[in-house]
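# Reading the structure
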Amino acid sequence: MFKDKEIEKLIKAEQKRQADGLEMIPSENHTSEQVLAAMGTRLSDKYSEGYPGMRYYGGCEVVDKVENLARDRAKELFGVTHANVQPHSGSPANQAIYYALVDPGDTVMGMSLYFGGHMTHGLKVNFSGTYYNSVQYTTDKEGFMDYEAIYELAQEHKPKLIMSGTTAYPRIIDWKKMREIADSVGAFLAADISHISGLVVSGDHPSPAGIVDVIMTTTHKTLRGPRGAMILANGNPSNPLKKPERTVENIPSLIDRAVIPGLQGGPHNHQTAAIAVALGEALTPDFKKYGNQVAKNAKVLSEELTKLGFNLVTGGTDNHLMVVDLNNKNISGKEGERALGLAGITVNKNTIPFDPRSPFDPSGIRLGTPALTTRGMKQKEMKQVAQWINMAVENNKDEKKLAQLHAEITAFTKDFPLPS
Ligand SMILES: Cc1ncc(COP(=O)(O)O)c(C=O)c1O
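Residues numbered from 1 in each chain as written. Predicted model: local features only at pLDDT ≥ 70, side-chain atom pairs only at ≥ 80, totals over all residues. Heavy atoms only, no water.

### With respect to the sheet that holds strand β7 (residues 161-165)
Applied cut-off: A strand pair is defined by DSSP finding two or more bridges across the two strands. Strands here mean DSSP runs of E at least two residues long; helices mean DSSP runs of H or I at least four residues long; both are numbered from the N terminus. Axis geometry follows a simple rule: fit a line to the C-alpha atoms, using only the stretch in contact for helices, then measure angles between N-to-C directions, giving values from 0 to 180 degrees.
In spatial order, the strands read β4-β10-β9-β8-β7-β5-β6; together these seven strands make up an open sheet with mixed pairing. The open sheet has two free edges, formed respectively by β4 (82-84) and β6 (133-137), since each of these has just one partner strand. Neighbour-to-neighbour, the strand axes of the sheet open up by a mean angle of 20°, direction not taken into account. When β7 meets strand β8 (residues 188-192), the two strands line up parallel, connected through five bridges.

### Brief notes about the side chain of D325
Applied cut-off: Two N or O atoms form a polar contact when they lie within 3.5 Å of each other; inside protein one atom must be a possible hydrogen donor and the other a possible acceptor, and for residues adjacent in sequence the pair counts only when both atoms belong to side chains. In this description, contact between two residues means that some pair of their heavy atoms is separated by no more than 4.5 Å.
Tracing the chain through its elements places D325 in strand β12 (residues 321-325). A distance of 2.9 Å separates the side chain of D325 from the backbone nitrogen of N327, its partner in a polar contact. Beyond its immediate stretch of four places on either side in the chain, D325 contacts N311, I352, S363 and G364.

### Some thoughts on the side chain of T314
Defined as follows: Each residue is assigned to one of three classes by its accessible area relative to the maximum for its type, calculated with a 1.4 Å probe on protein chains only: buried under 20%, partly exposed between the two thresholds, exposed over 50%.
Following the sequence through the fold, T314 ends up in the loop between β11 (311-312) and β12. By relative accessible area, which is 10% here, T314 ends up buried. In terms of polar contacts, T314 uses its side chain to reach the backbone carbonyl oxygen of G316, at 3.2 Å. When neighbours within four sequence positions are excluded, T314 is seen to be in contact with E142, G143, F144, P170 and R171.

### Section: the site of the ligand
Quick reminder of the rule: A cutoff of 4 Å decides nearness: a residue is near a molecule or strand if any of its heavy atoms lies inside that distance of it. Per-residue accessibility takes into account occlusion by the displayed protein chains alone, with areas from the Shrake-Rupley method and a 1.4 Å probe. Three classes are used, and their members are as follows: Ala, Val, Leu, Ile, Met, Phe, Trp, Tyr, Cys and Pro are nonpolar, Asp, Glu, Lys and Arg are charged, and the others, Gly among them, are polar.
Surrounding the ligand, one finds 14 residues, the nearest of these being S89, S91, T167, D192 and K221. Between an oxygen atom of the ligand and a side-chain N or O atom of S89, the distance comes to 2.5 Å. For the ligand, an oxygen atom lies 3.3 Å from a polar atom in the side chain of K221. Protein coverage of the free-state accessible area of the ligand, which is 390 Å², stands at 84%. Counting residues per element, the ones that place at least two in the shell around the ligand are α4 (90-101) and β9 (214-218). For the shell around the ligand, the element with the highest residue contribution is α4, accounting for three residues. Among the residues making up the shell around the ligand, the classes are represented as one nonpolar, 11 polar and two charged.

Any link to function would need more than the numbers given here.
Put into structure tokens, the structure is as follows:
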């Protein structure tokens, strides 16, 4: 395949690592071969700063069509009138939302990373907590979003922008409650649905469309596309040469101007094509079934883990992920991640609400079902996966036992190949 044997070896090693184990990091997935094929094309060679019909480069007639296709599919899928499909990934897309809607020094509010939010929602060491006056909301003791507390915090600090959306939260987000909070202080409301966008498409999580002012989603998580992101809104962009006022109606123009020339240069056209392919797949009835199965699998896995004595933050899940508090198992999140990794189960260490331990070695792990569901696993397999997780945690110091488990899991995965 490759003339560069060094990189070929590494690519094959990574493919084997994924195929021989269980990828349970909930922000990951396995894309279709069609999505992968679109990524490896000559579209990658093309510069096309600007937007379809308004480029700073010649030769954009084909990539204009690619980008329009991706935009149209995104609009249809999420029921909005405007889509920007150019952000290179989720963090730069969130940066564009801030750049569009607030000024440095303005107050912004988002969920703390340590309680399930994303670092771009106001973490002190992130741009969002450095350039803006960031106020962070948390959860209640059990890990549920506490809308009354968020309301009180908003009254106290009067943010101009509220980020809603999460990275490690296993429950449904009440967009209407977030809307009421934003309206009570006249703030813009953004929904970051990066984790749950596939479940929004399948109807397993309510959509924020029509409730919030602007939506951001990465394309590579439950949506099962290539790495990338989209910003969605209602309304239409106005004259691109005129600076728009900061109003809700102008959000499409504000976002487009924030992405380019505000923050980025040329879009990644190969990535845009692959996003279009993924969105085409997400528009099919099969994708709806996929999302339904992701949620069903997560439910069964959470119930089985609970039966095995694991403590789940909030006591379970409504979506594709769960956060497991390992304190009663007498190992840390870091040790859990390591032991499960040796057994061939890839998860990530994660803080639990009000974590007594440090974020570098927190109390929990975060795991989810999107990638396993893509491989065709269902409820029956989730029961088996729960047993393996339990065995790996119970035998976390026994390297031989963990290697045995890995061999068992590798044999099992042969019936569930990566997409082809
Ligand atoms: C809620 C949320 N927003 C934004 C991002 C950032 O996306 P990226 O890693 O593509 O920059 C993530 C990634 O995990 C996320 O979970």
